[in-house]
Structures are given as structure tokens and as C-alpha cells.
Amino acid sequence: MARTKKKVGAYPSGMILFSLTLALFLIGFCGLLAIQSKKLVTHIRENYEIRAFLDKGLDENKTALVYKTIAERPYVLQADGKPQVNLVTKDEAAKEFIAETKEDFSKFLGENPLHDSYRIKLNEGYFEEAKLQEVKKDLEQINGIFEVVYQENLVDNINQNITKIYAVMSAFALILLIIIVVLMNNTIRLALHSQRMLIRSMQLVGATNSFITRPFLGRGIWQGFLAGIIAVGLLIGGLQLAIHNLPELGTFQDPQKIMFLMAGIVCLGIIIGFLSTFQAVNRYLGLTLDELY
């Protein structure tokens, strides 16, 4: 029976493709989590409200003037060209209080002691305790505003938790990347083990290292590209499935960043395939005949 002729650069690649695809999928999954969490953080920050209580007895003109003054402040969030400043009358506030506490204070007080107020949403950049203090002082200088209140220390607690989450995710992604590179390097080395004698034979007939390395690198680049495409397909499919089952996730999508992430996954696959193959082939190129056995 005739022996099958070995072709340089041809080696079992199923395990390599599977390992690299899985690795890229996990990295992409971490990236998607980071994008989603960033959008969620922005959503939380831009929906945080401070309350500016108005002096009692203000007429409609003075109330409108206070609104205009607040709306012109640079820290007020603008959505579709409209300042996010909403008036809550004392009657509406009373209804909210009764609905939350199940107690009707008007029965024993005989009157509504609450103030009309403006609920103000701020730009994300002001989501810090020090800046909120500055906003509070600035608003309280406006004629017609009785008091400005917000939940103190809540912002700092949220920011600290967000920082911890990002730190953990970054550390996990870095550790995962290191493990992937080591794993891929070892996997490719094992796959190239069957080609070690062919590489040695080519060296003996005068083939240059670049000539020997070229087909291996081409295969490594192709495997990295293919693994990246498969990983991207799995990520997009999983994301669409998640949005279908949980439509609220659609609010936190950032198509541009997701597109860059997917392109980065494919590029990372190519880079890992190239570097791992290059290092593994060079290792065999430098071995002596005794070491090959």
C-alpha cells in the first residue's frame, strides 16, 4: 500500500480551531458584558434625579421663570433637545407619598405641607458627590428655590461598586487572554509534532527557514480568521437570542462599539493564530536531530 505523502503545513487542525473559537468567544463575551454594563451605568446615571423644592406661593410666571433658569444650566441633561426638568406639584407629590407609605397625612394635618418641586436629571459627567454638591449650591442660589435635595453618598457608593466591577472584569479578561495564548501555543506545538521530521528533511535539502515557515503561518492565519468568524457568529446569535427573550436588553445596545468588538475578535484570532504558529514552528526549526526524537 502506498504511503500518504505528507504536505508541509498540513496537520490536524480540528482541536486548534475548536480551542481558538472557544477562547475568542469567551473574550468576546467579556467584551459584550463590558459594553452592556457601560450602557447600563450611563442609563442609571442619566436617570438619577435631584429635587429642587420651590418656595410656597409662587405664581405660574415665577414658576416658569425658575424652570427657564434651571434649563439653561450646563449640567442639566438634554434629551432630544429638551431639558430633563419636570415639575411635580405638591398635590402630585402627596399622591405619591400616600401611595408609597399607605398613610394619608392630610387627615390629621388638615393641609398639604409639601412644596412644588422640579425633578432634574443631570449629565453623566456630574455623577460625583463633589459635583453634586456644586450643583446643589448653584441651584439653591436661584430665586424661588426653597431647597435642593438628593441622596447623599449614594453616588459615591455606586461609583465605587462600578469601579470594582470593571476592575474584576479587566483582571478576568487579562488572565483569560494569558491562558488562551499559552493553551493555543501548546495545542499548536502538539499539532506540529507530526510535522517535525518533514521540517527536518526540508532543512537537510537546503530549504530556508522562511520557506519552511510560510505555509504554516498561512494555515495559522486562516485558522485564526475562521475561528474569529465562527466566534462572532456565535456571539451575535447569542445576543439576538438574549434580546428576543429579554427585550429590555435592547435598550443597552451600542451597535458601533459592538461592531468594533466583533472586528477586534477576528483580528485577535488572526494575531493569535499567527504568533502561536510562528513560535511553535521556530521551536522545531531550532531543534537538533536528537531532540526531535
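Presented here is an overview of the structure given in this document. (Residues numbered from 1 in each chain as written. Predicted model: local features only at pLDDT ≥ 70, side-chain atom pairs only at ≥ 80, totals over all residues. Heavy atoms only, no water.)

1. Re the overall build of the chain
Helix and strand counts for the chain come out as 10 helices and six strands. Counting over 293 residues, the chain shows a buried share of 35%. Restricting to contacts in the chain with at least 6 residues of sequence separation, those with at least 24 account for 83%. In the structure as shown, the chain presents an accessible area of about 17,800 Å², 62% of it carried by carbon and sulfur atoms. (Helix = DSSP H or I, 4+ residues; strand = E, 2+ residues; numbered from the N terminus. Buried < 20%, exposed > 50% of the residue type's maximum accessible area, 1.4 Å probe, protein only. Contact = heavy atoms within 4.5 Å. Areas by Shrake-Rupley, 256 points an atom, 1.4 Å probe, with all protein chains shown as cover.)

2. Concerning the sheet that holds strand S1 (residues 49-54)
Ordered by their spatial adjacency, four strands build an open sheet running S4-S5-S1-S6, and the pairing between neighbours is antiparallel. Two strands in the sheet have a free side with no partner beyond their single neighbour: strand S4 (85-88) and strand S6 (145-149). Averaged over all adjacent pairs, the angle separating strand axes in this sheet is 25 degrees, with direction ignored. When S1 meets strand S5 (residues 117-121), the two strands line up antiparallel, connected through five bridges. Paired with Glu-49 across the two strands is Lys-121, which belongs to S5. (Pairing = 2+ DSSP bridges. Axes fitted to C-alpha atoms, helices over the stretch in contact; angles between N-to-C directions.)

3. Focus on the packing of helix H1 (residues 14-46) against helix H8 (residues 209-245)
Relative orientation of the contacting elements H1 and H8 amounts to 45 degrees, with a least axis distance of 8 Å. Relative to H8, H1 is oriented oblique. In the crossing of H1 with H8, the sense of the turn from one axis to the other is right-handed. Where H1 approaches H8, its residues Ile-16, Leu-17, Leu-20, Thr-21, Leu-24, Phe-25, Gly-28, Phe-29, Leu-32 and Gln-36 are matched on the opposing element by Gln-223, Gly-224, Leu-226, Ala-227, Gly-228, Ile-230, Ala-231, Leu-234, Leu-235 and Leu-239. Looking at the contact of H1 with H8 residue by residue, the class counts come to 14 nonpolar, six polar and no charged. (Parallel < 35°, antiparallel > 145°, perpendicular 65-115°, else oblique. Left-handed = near helix turned anticlockwise from the far one by under 90°. Nonpolar A, V, L, I, M, F, W, Y, C, P; charged D, E, K, R; others polar.)

4. Considering the environment of Ser-19
Inspection of the secondary structure puts Ser-19 in helix H1. The buried category is assigned to Ser-19, whose relative accessible area is 12%. The sequence separation of Ser-19 and Thr-187 amounts to 168 residues, and the corresponding C-alpha distance is 8.4 Å.

5. Describing a nonpolar patch on the surface
Taken together, the side chains of Ile-221, Ile-271, Phe-274, Leu-275 and Phe-278 make up a nonpolar region of the molecular surface, amounting to roughly 410 Å² of accessible area. Examining the composition of the nonpolar patch, we find that four residues originate from one element, helix H9 (residues 255-285), more than from any other. A relative accessible area of 31% means that Phe-274 is categorised as partly exposed. (Patch = residues over 30% accessible without salt bridge, like charges linked within 9 Å, V, L, I, M, F, W, Y side chains within 5 Å. Salt bridge = Lys/Arg side-chain N within 4 Å of Asp/Glu carboxyl O.)

6. Quick word on the side chain of Ser-276
Tracing the backbone through its elements, the reader meets Ser-276 in helix H9. Note on Ser-276: relative accessible area 4%, which makes it buried. A distance of 2.9 Å separates a polar side-chain atom of Ser-276 from the backbone oxygen of Ile-272. (Polar contact = N/O pair within 3.5 Å; in protein donor to acceptor, adjacent residues only side chain to side chain.)

7. Let's talk about the pattern of salt bridges
Following the criterion strictly, the structure yields two salt bridges and no others. Among the salt bridges present, the one from Asp-138 reaches Arg-73, with a minimum N-O distance of 2.6 Å. Of this pair, Asp-138 sits in helix H5 (residues 129-140) while Arg-73 sits in the loop between helix H2 (60-71) and strand S2 (78-79); the two residues are 65 residues apart in sequence, bridging distant segments of the chain. Linking Glu-140 and Lys-136 is a salt bridge whose minimum nitrogen-to-oxygen distance equals 3.0 Å. Of this pair, Glu-140 and Lys-136 are both found in helix H5, four residues apart, which corresponds to roughly one turn of the helix.

8. Thoughts on the nonpolar core
Grouped together as the largest cluster of nonpolar side chains are 24 residues, with contacts concentrated most on Leu-24, Leu-32, Ile-180, Met-184 and Ile-265. Only H1, helix H6 (154-192), H8 and H9 provide two or more residues apiece to this core. When residues no more than four places from it in sequence are discounted, the contact partners of Ile-180 are Ala-23, Ile-27 and Ile-272. In this structure, Tyr-48, Leu-54, Phe-127 and Val-135 belong to the second largest nonpolar core, which totals 20 residues. (Core = buried A, V, L, I, M, F, W, Y, C linked by side-chain atoms within 4.5 Å.)

9. Digging into the packing of aromatic side chains
Per the stated rule, a full pass over the model turns up five aromatic pairs. Look at Phe-274 and Phe-278: their rings are 6.1 Å apart centre to centre, the planes differ by 10 degrees, and that puts the pair in the stacked class. With Phe-274 and Phe-278 both in helix H9 and four residues apart, the pair spans about one turn of that helix. Cation over ring: Lys-131 sits above Tyr-126, and NZ or CZ is 5.8 Å from the ring centre. (Phe/Tyr/Trp six-rings, centres within 6.5 Å; stacked < 30°, edge-to-face > 60°. Lys NZ or Arg CZ within 6 Å of the ring centre and 35° of its normal.)

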